[in-house]
Amino acid sequence: MLNSLILSYITFVYFGAFMLYLLMMVTGKDFFGRLATFVTLVGLCAHTIAIILRWVESHNLGIGHAPFSNLYESLIFFAWTITFLYLIMEWRTKNRTFGVFVMPLAFLAMAYASFSPNISSRIQPLIPALKSNWLISHVITCFVGYAAFGISFGISIMYLVKRLDRPEWKNIFLRVIPDLSILDNLNYQVIIIGFLMLTLGIITGSVWAHSAWGSYWSWDPKETWSLISWLIYAFVLHSRFVRGWKGKRMAIFCFIGFSCVLFTYFGVNYLAGLHSYAK
Amino acid sequence: MRPFVFFGKSSMNEYKSKKQTNIIWKFFRSVKLTLFILLILAVTSILGTVIPQREGIMEFARRLNPDMFRLFISLDLFDMYHSIWFRSIIGCLALNLIICSIDRFPGALKLFRAQPRPDRKKPFENLPPEQTFIVREKQGKAAERVSSFLSRRFKNVYTAGDQNSRSFYVEKGRFAHFGVYIVHSSLLFVITGSLLGSFFGFEAYVNIVEGDKTDTVILRKQKKPMKLNFEVRCDKFSVDFYENGAPKEYRSDLSFLVNGKDVKKMSLLVNHPVQFEGVTFYQANYGSVPGKKAQLKISRHSGKDDEITMLIESGVNTALPDNKGSFQIAKIEGDFMRMGPAVLISIQPDKGDEIQFWVFKDSEMIEKKVPGMLGRFPKLNPSAFKPYTFYLDDIESKYYTGLQVNKDPGVFFVWAGFFLIIAGFYVTFFTSHMRIWVHLSNMKKRTRISIAGTSGRDRVRLDRELTHLTGNIKELFN
Ligand code: HEM
C-alpha cells in the first residue's frame, strides 16, 4: 500500500536528518544544521500526508478508522509526535544540537515499524472493544506523552554528556551543546508536558476500559506499567523540591522513567493481559 | 537564560510551619517521604506484574517450593494490589498528601491574599538594561499615561508615590497558588472512590441463554453466587462479522423484570454498557449451548430409503413409526465424550424394558476413525432397537450472552478526581501568579521608567509579558 511505502522511505529521510545534525555538531558548520532542519521538515510533511493517506485508504476498504489502532500505526504516530515536538523545540530554543539526540528515536521507531518482520502494516478492521472515540483520545494522549518522555531521554543524555566537558578540551561537539542549567530547565518543561499527557492518557484509558470492560482499573500489566512510569515521573517532578536533587540525578531518573515507558509500550506484550489484543 | 524561580521553593522557606512540631506530623509533611513512597509503590507494582495475580496462580505455584509458596500466600502476593500492605502504602501516601497540604495551605493562602505593594524595591534589583528607558515627558504626565494604559490592560492597578517617584503594580493569576492543592486533592478523590468501590461494590458475571432469565450472578473474586433485586432476561443475542470473519459487533437485547414484571428493555453493545438500579451490565463474551430440540431421522431398515425426519423436543414422548412403542430424547449434549453433538434416546417398547442409547451427529466420521466401535457397545449403537436405526441430523443451538455485572458506587468520586486533576494541572502548569511593577522616577524634564516583574513558575511567559509591556509603554511616548 502506498502509505506504508512512503512511511518506509521516511525512515531514511529521518536517518539522513540525524546524520546532518551530527555533521553540524562535529564540524561546527551551521550550514549542515539548516539543511538538517529542512530535511526533517520535509520528512514530517510527507509523514503527515502518509498518515492521512492511510486514514483515507482504510475508509476506501470499508473498515474506516483513525490510524491509531495497532502496533504499526502507534509506532508511526510515536515517530511523528517526536519529530513534531522536536521541531517545535528547535524553533523555540533556536538550538539544533537536540536533533542529534532526539532524531535517532524517530528513525528507530520508523525502522522498527517498517522493517520488523513481526509487525504487520496491513490495515485491519477494528474488533468491537476498540470501537470507541476514547480510543483515539487515549492513543493520542499516550503517544504525545511517550514522545515527550523520549525527548526528555535525549536531553538527559545531552546533560550527562555535557557534564564531561572540560574547557581545555575545546571539543566542538561538547561546546555547542547548551549549558547544563538550560538543559535542566528544558528537560523539566518537557517532562511536564509528558506527565500531563500521560495522566490524560491514563484517564482516557480508564474511562474507556470502564465502558468496554466494566472496570476503570483492573491492574492489567499494561495499566500497571503505565502507572509505574507515571509514579517515576511524579517522583522526578517532586525531586526538584528536595535540595540538591536537580541535574544529574534527575537525568538518571529520566532514563529510568523512559525505560519504564518503553516497557509499557513493548515489554508488556510478553506478559498476558487485556491489552495483549493490541499485538 | 535566567534561573528558574519556583514559588514552591520560596514558599517552603518563608512559611515554615510553626504550630506543629509533633514528630508524626513532621514525618508526614516531608516531601522526602513522598519520594520514598512513590518509589516503593513503583517497585511493588512491578512485583504484581511478574507474579501472576488471581489467574494462572496454580501453574506458577507448582514451580515454587512449598515454603516459598506459603510465604507468598501469607504476604498476599497472589492478590497483591488488594492486600492490606499495598493498601497501607497508598494510605501513607494519602496521609502524606493530606498533612503536607494542611501544612502548606496557609502559606499559599497568604500569598493569595497578599496586599498589593506597589513600592517594592527588590524586584528592580539586577534589572536587565532593556527594561529601563527614559522618556521626554514630565513625571506627572507620564504617570497619567502609564496609569490609563495599565488600567486598560489589567483589572486592578495599584499605585503609590509622590512628585518624584511613582510606582504602579498590576498582577494576574493569583489563583495559581492553589493549583497544586487541586492536583493533590484530586488524588484523594480517586483513592476514596477506589476504596468505596472495593468495599461497597462487586464484580460478577453471568451467562444467560437466549430466552432465559435469571436473578443470580456469580461473584468473580469469591466465586459465589449472589442474588440481585431484579431479574434479567436475554431476549436475543446477535453477532455480526466482517468479511474476513473477525467479529464486528455483539449485541444483546435485555429485559429487566421487577417482581416478575417487565420494567425496562435495553440493548447492550460492546462499549455501550447499560445500567439498571445501580448495577451496570457489560457485554463480555458469548457462546452457544444446545437448545431443547433435535432433528432426528429414523429408518426402519438399515437403508436410508424409508426414513422419516422429525423435529423433537427433549422430554416429549413420541410414537415410533408403525406404533411399535414410543421414545423420547432423554438428554442433549453439545459434545458428548469428545465425539461431538449427541442425543440420548430412550425407547419404551410395547413389550419389554426401556432401552437407552446415544446417537451421534458425526457417526460416519466416528465410524471411519474407529471402525466398528459404535456397533460394539449397545449404549452407543444407533440400531440397538431393531429394526430401527436412528440418525441425528442436528441439534438446535442457542446463543448465550456472557455479561459482566458490576456495581461500583465509587465511580463518581473517581470521575470527579479525574476532572479535578485536569483542572489542577491547568492551574498549576498553565497559569502563574505574575506580578509586575512599573516605576517612574523624575529626572527634571524627563522621566525614567523601569519595568520589573516576578512570576510563580512561568519565567518564559513573564519575560514575554515584560517585553510586550515595555514595547507598549515606549510607544505611548512616541
Ligand atoms: C502520586 C502522587 C502525587 C502527584 C501526582 C503529585 C503531583 C504534583 C504536581 C504535578 C506538582 C507540581 C509540580 C511542580 O510544580 O513542578 C506537585 C507539587 C508538589 N507536591 Fe505533589 N503530587 C503527589 C503527591 C504528593 C504528596 C504525597 C505530597 C506530600 C508531601 C506532595 C507534595 C507536593 C509539594 C510540596 C509540591 C510543591 C508545591 C509548591 O509548588 O509549593 N505531593 N505535586
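Given the structure is predicted, the values throughout are model-derived calculations rather than measurements.

Caption draft 1: A look at the overall build of chain A. Within chain A one finds 9 helices and 0 strands. Counting from the amino terminus, chain A carries its helices and strands in the arrangement α-α-α-α-α-α-α-α-α. Here chain A has a C-alpha radius of gyration of 19 Å; the compact-globule value for 279 residues is 19 Å, and the two agree. Dimensions along the principal axes, computed over C-alpha positions, put chain A at roughly 65 × 45 × 30 Å. If you take every contact in chain A between residues at least 6 apart in sequence, the share linking residues at least 24 apart comes to 79%. Entry remark: accessible area of chain A is about 11,400 Å², with carbon and sulfur atoms responsible for 70%.

Caption draft 2: Local environment of the coordination of the iron atom of the ligand. The coordination sphere of the iron atom of the ligand contains the protein donors A:H238 (NE2) and B:H184 (NE2), at a distance range of 1.9 Å. For A:H238, a relative accessible area of 22% gives the class partly exposed.

Caption draft 3: How the structure looks around the site of the ligand. Around the ligand, the surrounding shell holds 25 residues, and the nearest of these are A:Y188, A:H238, B:C100, B:H184 and B:R457. Looking at what sits near the ligand, you find residues from chains A and B. With respect to the ligand, the side chain of A:H238 contributes an N or O atom lying 2.7 Å from a nitrogen atom. Between the ligand and B:H184 there is a distance of 2.7 Å, counted from a nitrogen atom to a side-chain nitrogen or oxygen. Its residues placed into classes, the shell around the ligand shows 15 nonpolar, 8 polar and 2 charged.

Caption draft 4: Up close: the sheet that holds strand β13 (residues 325-333) of chain B. Residue and element names in this part refer to chain B. Across the sheet, which stays open at both edges, the 4 strands sit in the order β12-β13-β14-β15 with antiparallel pairing between neighbours. Across the chains shown, the open sheet's two edge strands, defined by having one partner strand only, are β12 (318-319) and β15 (355-360). Note that strand β14 (residues 342-349) and β15 share 6 bridges and pair antiparallel. Within β15, the position partnered with A342 by the bridge is F360.

Caption draft 5: Expanded view of a nonpolar patch on the surface. All names here are of chain A. A surface patch of nonpolar side chains, amounting to about 560 Å² of accessible area, comprises L2, L5, Y9, F12 and F115. Here the element with the most residues in the nonpolar patch is helix α1 (residues 2-27); it accounts for 4 residues. Mapped onto the secondary structure, Y9 falls in helix α1.

Caption draft 6: Highlighting the pattern of salt bridges. Residues and elements named next belong to chain B. Tallied over the entire structure, the rule returns 19 salt bridges over all chains. D235 is the salt-bridge partner of R233, the closest N and O atoms lying 2.8 Å from each other. Of the residues examined, D235 reaches a relative accessible area of 31% and is grouped as partly exposed. Note that R233 and D262 form a salt bridge whose closest N and O atoms lie 2.9 Å from each other. Of this pair, R233 sits in strand β6 (residues 225-241) while D262 sits in strand β8 (residues 261-269), placing them 29 residues apart in sequence. Residue R233 is classed as buried on the basis of its relative accessible area, which comes to 18%. Taken together, the salt bridges that share partners define one network made up of R233, D235, D262 and K265.

Caption draft 7: Region of interest: helix α3 (residues 31-50) of chain B. For α3(B), spanning 20 residues, the distance from its first C-alpha to its last is 29 Å, which sits close to the expected 28 Å at 1.5 Å a residue. For α3(B), every residue scored as buried is listed here: B:V31, B:L33, B:T34, B:L35, B:I37, B:L38, B:L41, B:A42, B:T44, B:S45, B:G48 and B:T49. Elements in contact with the buried residues of α3(B): α8 (221-239) of chain A together with α2 (23-28) and α6 (84-113) of chain B.

Caption draft 8: Fine view of the interface of chain B and chain A. The interface of chain B with chain A comprises 52 residues on the first partner and 48 residues on the second. For the chain B face of the interface with chain A, the top three residues by lost area are B:L35, B:T49 and B:N271, together amounting to 15%. Across the chain B-chain A interface, the total number found is 0 salt bridges. Where chain B meets chain A, there are 2 residue pairs in polar contact (both at pLDDT 80 or more). Elements with a contribution of two residues or more to the side of chain B that touches chain A: α1 (7-14), α3, α8 (179-200), β7 (247-258), β10 (279-299), β16 (389-407), α11 (411-430) and α12 (459-476) of chain B. Among the elements that take part in the side of chain B that touches chain A, α3(B) stands out by supplying 11 residues, more than any other. Among the residues making up the side of chain B that touches chain A, the classes are represented as 30 nonpolar, 14 polar and 8 charged.

Caption draft 9: Structural context of the sheet that holds strand β17 (residues 434-443) of chain B. Residues and elements named next belong to chain B. Strand order in the open sheet formed by 5 strands is β1-β18-β17-β3-β2, and the pairing between neighbours is antiparallel. Both outer strands of the open sheet, β1 (132-135) and β2 (158-161), are each paired with one neighbouring strand and no more. Averaged over all neighbouring strand pairs, the angle between strand axes comes to 20°, with direction disregarded. By the bridge criterion, 4 bridges tie β2 to strand β3 (residues 165-172) in an arrangement that is antiparallel. Each residue of the ladder has a partner; that of Y158, found in β3, is Y169.

Caption draft 10: Structural detail: the packing of α8(A) against α3(B). Two elements in contact, α8(A) and α3(B), have axes whose closest approach is 9 Å; the angle formed by their N-to-C orientations is 160°. The orientation of α8(A) relative to α3(B) falls into the category roughly antiparallel. In the crossing of α8(A) with α3(B), the sense of the turn from one axis to the other is left-handed. Contact residues: A:P221, A:T224, A:W225, A:I228, A:L231, A:I232, A:A234, A:F235, A:H238 and A:S239 in α8(A); B:V31, B:T34, B:L35, B:L38, B:L39, B:L41, B:A42, B:S45, B:I46 and B:T49 in α3(B). Among the residues making up the contact of α8(A) with α3(B), the classes are represented as 14 nonpolar, 6 polar and no charged.

Reading guide: rules and limits
Residues numbered from 1 in each chain as written. Chains lettered and ligands numbered in written order. Predicted model: local features only at pLDDT ≥ 70, side-chain atom pairs only at ≥ 80, totals over all residues. Heavy atoms only, no water. Helix = DSSP H or I, 4+ residues; strand = E, 2+ residues; numbered from the N terminus. Rg over C-alpha atoms; globule rule 2.2 N^0.38 Å. Contact = heavy atoms within 4.5 Å. Areas by Shrake-Rupley, 256 points an atom, 1.4 Å probe, with all protein chains shown as cover. Donors = N, O, S within 2.8 Å, 3.2 Å for Na, K, Ca; no water. Buried < 20%, exposed > 50% of the residue type's maximum accessible area, 1.4 Å probe, protein only. Near = heavy atom within 4 Å. Polar contact = N/O pair within 3.5 Å; in protein donor to acceptor, adjacent residues only side chain to side chain. Nonpolar A, V, L, I, M, F, W, Y, C, P; charged D, E, K, R; others polar. Pairing = 2+ DSSP bridges. Patch = residues over 30% accessible without salt bridge, like charges linked within 9 Å, V, L, I, M, F, W, Y side chains within 5 Å. Salt bridge = Lys/Arg side-chain N within 4 Å of Asp/Glu carboxyl O. Expected span 1.5 Å × (residues − 1). Buried area = accessible area lost by both parts, 1.4 Å probe. Axes fitted to C-alpha atoms, helices over the stretch in contact; angles between N-to-C directions. Parallel < 35°, antiparallel > 145°, perpendicular 65-115°, else oblique. Left-handed = near helix turned anticlockwise from the far one by under 90°.

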